[in-house]
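Here are the chains, one letter per residue:
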Amino acid sequence: MRRLAILVLLMLALLPLRWFAVVSTPVGTLFLHELGLLLFSVLAVVTLTPRALAVAVGSTGFLTAAMAAGFAVWSAACLFHAVSPGSAIKQWAYLGSFVLVVAAVVCFAESKDPSAIRILRWVGVTTTLMLLAALELALRINHVDALHVLSTAVTSGDPSAIEAQLFRPAFVGFGYSEADTVSQLRHEVVAGLLVSLFVASWAQHRVPFARRSARWLSQSAVVVASLLIVLSLSRSVQIAAISWPLLAGLRVVLVGRVTRRQLVTAAIGAVVVVGVTASGFIGVILQRITQDSSSYNERGAKLSAAVDTIRQYPWSGGHYDDTISSHNFVLDAWLRGGVAMAALMLAALLFVLWRLAANVAVLASAPVELVPVTAAFMLPLVRMFTIGAGLMTPPEWVCLAFALAATTVYLREVRRRGRAVQSHPTDLSAGSRALVPR
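Right, let's walk through the structure included here. Note that this is a predicted model, so its numbers are computed, not measured.

## Examining the pairing of strand 2 (residues 28–31)
- The sheet contact formed by strand 1 (residues 21–25) and strand 2 spans four bridges and is antiparallel. Looking at the pairing, Thr25 lines up with Gly28 of strand 2.
- In textbook terms, the turn of a hairpin is the stretch between consecutive antiparallel strands, and for strand 1 and strand 2 this stretch comprises two residues.

Right under this line is the structure:
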């Protein structure tokens, strides 16, 4: 398990490195973050037991079945319309990795040896450092002055300068030309970073750091990662990130007490807000949210074109094109695989929404580790309504797998405590101790 945990750490750390191409394949270019996911999947297949895989499939059965059926319909539509099945094949691979991530996280949490969870505590620090190093390398090679671009954006109040003069030029030369560096890359990069923060927080709640220096490093990584998410101006990822402190605040209200860790978290949030405000960058963010309507107008036009195409060809699909992508998980599925695939993807979306609502409903009685887990559901949910091409990318797949796995761990622990209380009704403390919020 220790080797698999190290590979999970590496896989998560590579998740934001979306712009590094590795090799061309018959189904498209293999990028560095996909290579990390592939290596993890190979080791997971030979390491995990059939029982662990059965638990993963059982806990995600409805979602996995809906996704698999949808991809089967899509694959058939590709063959029927003589469309390349490359994207469908990739989604099949992501679905397989999704099940393996669920199985691995459940095994780590339920193992008597806490070494795997101890390793995952460092994923936030590791991912932040690797992303900073990769960005520094990209900026140097492409001769991009990040401070000058940020200063220009603050002075002019123009959020488009961040993407056009910072991120797009930085991603050039590693497998992408400047014309290919669309804004989707920026969203995937910071989405991968946010996934690592969710996993690290959950692991640290299960096995807290004993040393103050380790806690300080972890908190510093959260501050730096939060600033990177703010600077990215990715509205969808920022919405998912903001849901985390909002859920934590909701839990404080429901429980009626504040822990020291929550005070530290609030202090970290205050540092980020003060830093962004003092730098003048808050004006760029407000401009991006309230007045920069160019992307809304473009997506509105694409949505109208997608709906018109669906009306013309509602049944068999095979009419998806990037120029009419609705940026919607269900509607783009309709364009690809017809009404059958759309219905299956809608069922998958509703399952994720139901699981989020169920977690929120038990926040008051659940351990505090369920807060980052519940927030993790928000990333794939928000991206399902905003993502380019309407397909989940590795960060969303891994985040959803983590959220479902950690929720499965919580539910299985609750059931075990219930059985323990039924077996020993006089020993109520054994069954209720873990229900007290940590």
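Structure shown, so let's carry the discussion forward.
## Observations concerning the environment of His187
- Mapped onto the fold, His187 is located in helix 10 (residues 183–206).
- Through-space distance from the C-alpha of His187 to that of Ser232 is 7.7 Å; in sequence the pair is 45 residues apart.
- Excluding residues that lie within four positions of it along the chain, His187 makes contacts with Ser234, Ser236, Val237, Arg299 and Arg383.
- Of note is the side chain of His187, whose polar atom sits 2.6 Å from the side chain of Ser234.

## Some remarks on the state of the cysteines
- Evaluated as defined, the whole model comprises zero disulfides.
- Distance from the sulfur of Cys399, which forms no disulfide, to the nearest cysteine sulfur (Cys107) is 20 Å.
- Cys399 sits in the buried class, given a relative accessible area of 0%.

## Thoughts on the nonpolar core
- Membership of the largest hydrophobic core comes to 132 residues, with the highest contact counts inside it found for Trp19, Phe40, Met67, Phe98 and Trp202.
- For this core, the leading source of residues is helix 5 (residues 86–110), giving 15 residues.
- Not counting residues within four places of it along the chain, the set of residues in contact with Met67 comprises Leu95, Phe329, Met345, Ala348, Met392 and Trp397.

## Side note on the packing of helix 8 (residues 146–156) against helix 9 (residues 160–170)
- For the pair helix 8 and helix 9, interaxial distance at closest approach is 9 Å and the crossing angle is 165°. Taken together, the axis directions place helix 8 and helix 9 in an arrangement best described as roughly antiparallel. Crossing angle aside, the handedness with which helix 8 passes helix 9 is right-handed. On helix 9, the residues that touch Ala146, Val149, Leu150 and Ala153 of helix 8 are Ala161, Ile162, Gln165 and Leu166.

## Concerning helix 4 (residues 61–80)
- With 20 residues, helix 4 should reach 28 Å at 1.5 Å per residue; the first-to-last C-alpha distance of 28 Å fits that figure.
- For helix 4, every residue scored as buried is listed here: Leu63, Thr64, Ala66, Met67, Gly70, Phe71, Trp74, Ala77 and Cys78. An end-on view of helix 4 places all buried positions within 165° of arc, on one side of the element. Across from the buried face of helix 4, at angles greater than 90 degrees, the exposed residues are Leu79 and Phe80.

So, how was this worked out
Here, residues in each chain are numbered from 1, in the same order as that chain's written sequence. Two thresholds apply to this predicted model, a pLDDT of at least 70 for residue-level local features and 80 or more for giving and counting side-chain atom pairs, whereas whole-chain, interface and lining totals are computed over all residues. Excluding hydrogens and water, the side-chain figures rest on all heavy atoms present in the structure. A pair of strands is considered paired only if DSSP assigns at least 2 bridges between the two. Think of it this way: any DSSP run of H or I at least four residues long counts as a helix, any run of E at least two long counts as a strand, and we number them from the N terminus. Contacts: residue pairs with any heavy atoms within 4.5 Å of one another. We call two N or O atoms a polar contact when they sit within 3.5 Å, provided that within protein one can donate a hydrogen and the other can accept it, with sequence-adjacent residues counted only if both atoms are side-chain atoms. Here, the term disulfide refers to a pair of cysteine sulfur atoms separated by no more than 2.5 Å. Exposure classes here rest on a 1.4 Å probe applied to the protein chains alone. A residue is buried below 20% of its type maximum, exposed above 50%, and partly exposed in between. Take the buried residues of types Ala, Val, Leu, Ile, Met, Phe, Trp, Tyr and Cys, join any two whose side-chain atoms come within 4.5 Å, and each joined set is a nonpolar core. Every angle, taken between N-to-C directions, lies between 0 and 180 degrees, and every axis is a line fitted to C-alpha atoms, over only the stretch in contact when it is a helix. For classification purposes, an angle smaller than 35 degrees is called roughly parallel, one larger than 145 roughly antiparallel, one from 65 to 115 roughly perpendicular, and anything else oblique. Handedness of a helix crossing follows the sense of rotation of the near helix relative to the far helix, less than a right angle counterclockwise being left-handed and clockwise being right-handed. Given a helix with a known number of residues, its expected span is that number minus one, times 1.5 Å. Within this analysis, the arc is defined by the directions that extend from the helix axis to the C-beta atoms.

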